[in-house]
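# Residue-level structure breakdown
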Amino acid sequence: MFFVTYLRRELRRRMRQAIFIALGLALGVGLVVTVAAASAGVKKAESGVLSALYGVGTDVTVTGPAPGPPKPGSTSKANQNDQNNYGIEQGPNGEPEICTSNGKCADAAGKTIDQLTAPYSGISAWKVAEAARRPGVTAAAGGITLTDNTTTFGHSSSSLPQSSSFTLDGVDTSKPSLGPLSSASLTSGHSFTAADADAGVAVVDSGYATSKNLKVGSVLAIDQVTFTVIGIVRQPQASSPPDVYVPVARAEAMSLYAGSLNGEVNTIYVAAASAADIPAVQHEIAKLLPGTTITTEASLASEVTGSVASAAKLANDLGKWLAVLVLIAAFAVASLLTMAAVARRVAEFGTLKAIGWRTRRIVAQVVGESVAMGVTGAAAGVGLGFAGAAIISAVAPTLSATVPGSSAAFSLAAGQAVGPGPAGGVPRSPGSTTSHVVAVPLHPSVTVAVIVLAVILAVAGGLLAGSLGSWRIARLRPADALSRVA
Amino acid sequence: MYKLTGVTKLYQKGRHTVPAITGLDLTIADGEWLAVQGRTGHGKSTLLNLLGGLDRPTDGTVELDGIGLGALPEIQLTRFRAEKVGFIFQTFNLIPTLSAAENVETALIPLRVSGADRQARVAAALDSVGLGDRAAHLPSEMSGGQQQRTAIARALVKEPRVVLADEPTGNLDQDTRDDIIALLDQLWRERGLTLVLVTHDTAIARRAQRVGVMSNGRLAIHQATGSATASGGGPSARPPSR
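Residues numbered from 1 in each chain as written. Chains lettered and ligands numbered in written order. Predicted model: local features only at pLDDT ≥ 70, side-chain atom pairs only at ≥ 80, totals over all residues.

### Concerning the overall build of chain A
- Each helix and strand counted, chain A has twelve helices and 17 strands in total.
- Here chain A holds 486 residues, and 48% of them are scored as buried.
- When contacts within chain A are restricted to residue pairs at least 6 apart in sequence, those whose partners lie at least 24 apart make up 84%. (Helix = DSSP H or I, 4+ residues; strand = E, 2+ residues; numbered from the N terminus. Buried ≥ 20, exposed ≤ 12 C-beta atoms within 10 Å, placed from the backbone. Contact = placed C-beta atoms within 7 Å.)

### A few points about the overall build of chain B
- In terms of helices and strands, chain B carries eight helices and ten strands.
- Here chain B, with 242 residues, has 50% of them falling under the buried criterion.
- Within chain B, contacts between residues at least 6 apart in sequence are counted, and of these 68% link residues at least 24 apart.

### A word on the environment of Thr359 of chain A
- By secondary structure assignment, the location of Thr359 of chain A is in helix 10 (residues 359-395).
- Those residues in contact with Thr359 of chain A, other than ones at most four positions away along the chain, are Ile473 and Ala474 of chain A.

### Brief notes about the confidence of the model for chain B
Residue and element names in this part refer to chain B.
- On average, chain B scores 87 in pLDDT, and the residues at 70 or more come to 92%.
- Least confident of the elements in chain B is helix 8 (residues 227-230), whose mean pLDDT is 50; most confident is helix 3 (residues 100-105), at 96.
- Taken as a whole, residues 229-242 scores under 50 in pLDDT and shows 24 contacts with residues more than four places along the chain or in a different chain.
- Prediction confidence for the complex, expressed as pTM and ipTM, is 0.62 and 0.89 respectively. (pLDDT = per-residue confidence, 0-100.)

### What to know about the nonpolar core
All names here are of chain A.
- In this structure, Val29 and Val32 are the most contacted members of the largest nonpolar core, which totals 117 residues.
- Examining the composition of this core, we find that 15 residues originate from one element, helix 2 (residues 15-54), more than from any other.
- Those residues within four positions of Val32 in sequence are excluded, and the remaining contacts are Ala323, Leu327, Ala454 and Leu457.
- Counting 50 residues, the second largest nonpolar core, distinct from the first, contains Val204, Tyr245, Val246 and Val265. (Core = buried A, V, L, I, M, F, W, Y, C linked by C-beta atoms within 7 Å.)

### Re helix 5 (residues 248-258) of chain A
- For helix 5 of chain A, the set of buried residues is Val248, Arg250, Ala251, Glu252, Met254, Ser255 and Ala258 of chain A.
- As for helix 5 of chain A, its buried residues are in contact with strand 6 (112-117), strand 7 (137-152), strand 8 (162-171), strand 11 (219-222), strand 12 (225-234) and strand 13 (244-247) of chain A.

### Considering the interface of chain B and chain A
- Counting from both sides, the interface comprises 21 residues of chain B and, opposite them, 19 residues of chain A.
- In terms of residues, the side of chain B that touches chain A owes the most to one element, helix 2 (residues 74-84) of chain B, which gives three residues.

### A few points about unusual backbone geometry
Residue and element names in this part refer to chain B.
- Within the chain, Arg112 stands out as a residue other than glycine whose phi angle is a positive 55°.
- As for its placement among the helices and strands, Arg112 is situated in the loop between helix 3 and helix 4 (115-128).
- Look at Glu159: it is not a glycine, yet its phi comes out positive at around 55°.
- If you trace the backbone, Glu159 turns up in the loop between helix 5 (144-156) and strand 7 (162-166).
- Judged by the 14 C-beta atoms lying within 10 Å of it, Glu159 falls in the partly exposed class.

### A look at helix 2 of chain B
- What helix 2 of chain B keeps buried is the set Leu77, Thr78, Arg81 and Ala82 of chain B. In an axial view of helix 2 of chain B, the angular spread of the buried residues amounts to 140°, which keeps them on one side of the axis. (Arc of directions from axis to C-beta.)

### Quick word on the sheet that holds strand 10 (residues 218-223) of chain B
Residues and elements named next belong to chain B.
- If you walk across this open sheet you meet the six strands as 6-7-8-3-9-10, and the pairing is mixed. Taken across any chain shown, the strands that pair with only one partner, and hence form the sheet edges, are strand 6 (85-88) and strand 10. In this sheet, neighbouring strand axes are inclined to one another by 20° on average, regardless of whether the strands run parallel or antiparallel.
- Sheet topology places strand 6 next to strand 7; four bridges connect them, and they run parallel. Within strand 7, the position partnered with Ile88 by the bridge is Ala165.
- Contacting strand 6 and strand 7, helix 5 crosses the sheet at an angle of about 170° to strand 6. (Pairing = 2+ DSSP bridges. Axes fitted to C-alpha atoms, helices over the stretch in contact; angles between N-to-C directions.)

### What to know about the packing of helix 10 of chain A against helix 11 (residues 448-475) of chain A
Residue and element names in this part refer to chain A.
- Contact geometry of helix 10 with helix 11 gives a least axis separation of 7 Å together with a crossing angle of 150°. Accordingly, the angle class assigned to the pair helix 10 and helix 11 is roughly antiparallel. Where helix 10 crosses over helix 11, the handedness of that crossing is right-handed.
- Partitioned by chemical class, the residues of the contact of helix 10 with helix 11 number 18 nonpolar, twelve polar and no charged. (Parallel < 35°, antiparallel > 145°, perpendicular 65-115°, else oblique. Left-handed = near helix turned anticlockwise from the far one by under 90°. Nonpolar A, V, L, I, M, F, W, Y, C, P; charged D, E, K, R; others polar.)

### Digging into the environment of Leu337 of chain A
Residues and elements named next belong to chain A.
- Among the structural elements, Leu337 can be located in helix 8 (residues 307-344).
- The class of Leu337 is buried, set by 20 C-beta atoms lying within 10 Å.
- Placed 317 residues apart in sequence, Leu337 and Phe20 show a C-alpha to C-alpha distance of 9.3 Å.
- Sequence-distant contacts of Leu337, that is, excluding residues within four places in its chain, are made with Gln17, Phe20 and Ile21.

### Observations concerning the sheet that holds strand 2 (residues 16-28) of chain B
Residues and elements named next belong to chain B.
- Spatial strand order, 2-1-4-5: four strands in an open sheet with antiparallel pairing. Of all the strands in the sheet, the pair left with one neighbour each is strand 2 and strand 5 (67-68).
- Pairing between strand 1 (residues 2-13) and strand 4 (residues 59-64): five bridges, direction antiparallel. Note that in strand 4 the partner of Tyr2 across the bridge is Leu64.

### Focus: the pairing of strand 7 of chain A
All names here are of chain A.
- With twelve of 16 residues buried, strand 7 lies mostly within the body of the structure.
- In this sheet, strand 7 lies alongside strand 6 in antiparallel orientation, the contact comprising six bridges. Paired with Ile113 across the bridge in strand 7 is Thr151.
- In the sheet, strand 7 pairs with strand 14 (residues 267-272) via six bridges, with the strands oriented antiparallel. The partner of Ala140 across the bridge, within strand 14, is Val270.
- Sheet topology places strand 7 next to strand 8; nine bridges connect them, and they run antiparallel. Directly across from Thr152, in strand 8, lies its bridge partner Gln162.

Quick look at the structure:
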């Protein structure tokens with residue numbers, strides 16, 4: 001085919017210039033691919049953090065307001081003690097005493113106190129169904145977040161009390177795709193089924209299971225209620241997972257007995273019909289549940305700080321503009337060099353016009369040469385992009401994300417010491433939730449879409465350069481072109 | 001037959017209007033060899049450009065077989081050049097990256113001749129100018145005479161009615177010049193071409209049937225007594241025009 005022969009010969013003649021143009025485009029395209037890959041990697045890391053925090057499938061999380069001061073009726077149980085209402089106070093000699101609400105106190109020595117507390121106030125369970133009926137909502141599930149604190153007092157007044165705690169989530173077993181278990185992966189046993197709604201079964205986080213030597217089939221005591229472990233799960237790294245999951249009905253019963261919640265839930269997980277519906281759903285829920293805290297992935301994302309956020313900002317701002325600038329420079333260089341090449345070939349094009357070549361045929365030839373350089377640049381650019389992504393992957397330090405405590409991720413670190421406190425146990429509020437730092441490895445990913453974009457950009461660069469050259473050819477009068485040779 | 005009536009061509013050079021041809025009337029019969037002489041800048045090349053449809057007159061008409069070239073739309077003028085006119089340039093104007101055969105082939109591209117036919121016609125054209133064995137050579141691998149022969153093959157491969165040659169021997173040595181002129185003479189005789197040849201060389205001009213001398217944009221025609229006329233050439237002696 002004559003077109004190809006002519007194109008090939010011309011590119012071979014201008015080999016150095018063709019390589020220079022192709023490399024310029026390759027550099028621009030390679031940078032775009034690298035930045036896009038890094039950006040995608042950062043976004044992936046960020047969304048990994050967020051999905052771990054938030055749970056896959058959950059769009060809006062509603063938590064009850066922070067609890068007020070402990071109520072006199074708040075209850076817990078101390079073994080070896082059948083009093084229901086008590087607090088820990090200091091005795092006349094400085095020793096701890098367990099005091100009931102009617103003012104009777106007894107020496108705490110040798111006793112163990114098990115307190116089940118809720119970090120959020122209750123939300124009426126019927127509000128869950130009400131939330132599910134709101135426009136834009138596809139599903140809603142109630143949940144209960146609790147903390148079990150155990151304090152053991154020594155027999156001597158001089159020995160310090162030993163405290164431990166673990167976190168407990170009551171989950172709606174009929175909606176496994178919503179709530180804290182949605183992002184967990186099962187490592188052994190099985191998760192809840194709808195039939196477990198009121199069963200004495202528990203799913204345990206792998207970290208907690210290891211520390212407490214729990215296996216599938218182990219029996220776990222929570223606030224003197226026993227549960228059989230049916231599954232061990234692992235949550236993504238970024239989250240602060242609850243230690244134990246039990247059916248929400250069981251959690252509700254325990255919290256009712258403990259006095260921390262009055263037969264209510266304290267968390268609602270909501271799924272929206274689409275991402276576009278989330279703001280409207282958020283608005284609807286706010287109207288339905290005034291005073292609650294409503295968290296969306298977007299609001300959570302804005303609270304993620306640390307180098308992952310800096311990297312995202314860097315990739316989005318500096319990286320993007322750097323890539324755009326290099327691309328513009330590459331386009332400009334390609335265009336100028338093509339214009340210069342056309343200027344040098346005026347006699348050639350004039351001759352072709354003289355012997356009857358139509359302008360569009362000559363233009364096609366020149367554009368074809370530019371596009372060939374663009375395609376070469378695209379191929380080289382994609383290769384450079386892959387190399388850039390690999391280099392970033394190899395040398396980039398592991399990013400860190402400082403993530404806020406959230407309703408879904410809310411927990412106190414397992415084993416956190418709990419000292420003696422007022423009756424009602426250790427109060428928790430959203431304000432006191434722990435932020436924590438997680439390491440997020442950055443793995444730039446070159447996607448098919450990015451490759452397609454790169455090829456389009458490079459070919460567009462070639463087309464632009466070819467078009468500018470073509471504009472000059474179209475204006476060229478053969479008599480003028482030939483007169484410059486004579 | 002070419003008929004030029006009252007042709008004027010003016011060029012705008014900055015703020016000045018420069019006349020290249022002024023009020024030219026000329027008739028060129030089919031199959032005629034017209035040589036055009038004159039000093040540089042007196043309108044010879046402009047005349048060729050007008051005859052070849054590379055330029056349009058500022059005033060007057062240039063007709064070939066009654067069709068005014070100046071009034072043709074660009075696309076038809078391009079078609080006219082592709083089909084009817086062969087150009088031969090002083091500097092050969094070969095495309096340096098293409099072989100002799102490919103350079104000749106460029107003239108057939110606008111005519112949409114099929115690949116096989118193209119190859120056959122290119123080979124025949126190169127044979128006719130004595131370059132059958134140089135088809136694969138690049139211009140840089142050929143002498144000036146061979147390059148001009150290639151250019152002549154390119155002009156003739158489309159089997160045009162008219163060949164316009166602008167100082168075709170201007171860049172050649174004496175021997176090569178004689179070869180090229182002999183070749184043009186032979187092809188003109190064999191093919192019944194209308195040949196308009198611009199030259200500074202009086203010896204070459206004498207071979208034409210008529211000689212026109214351009215001076216200050218005006219053409220004075222003289223009857224030549226050279227070989228074309230002496231050997232019985234000329235329109236009446238040509239094979240029937242196509």
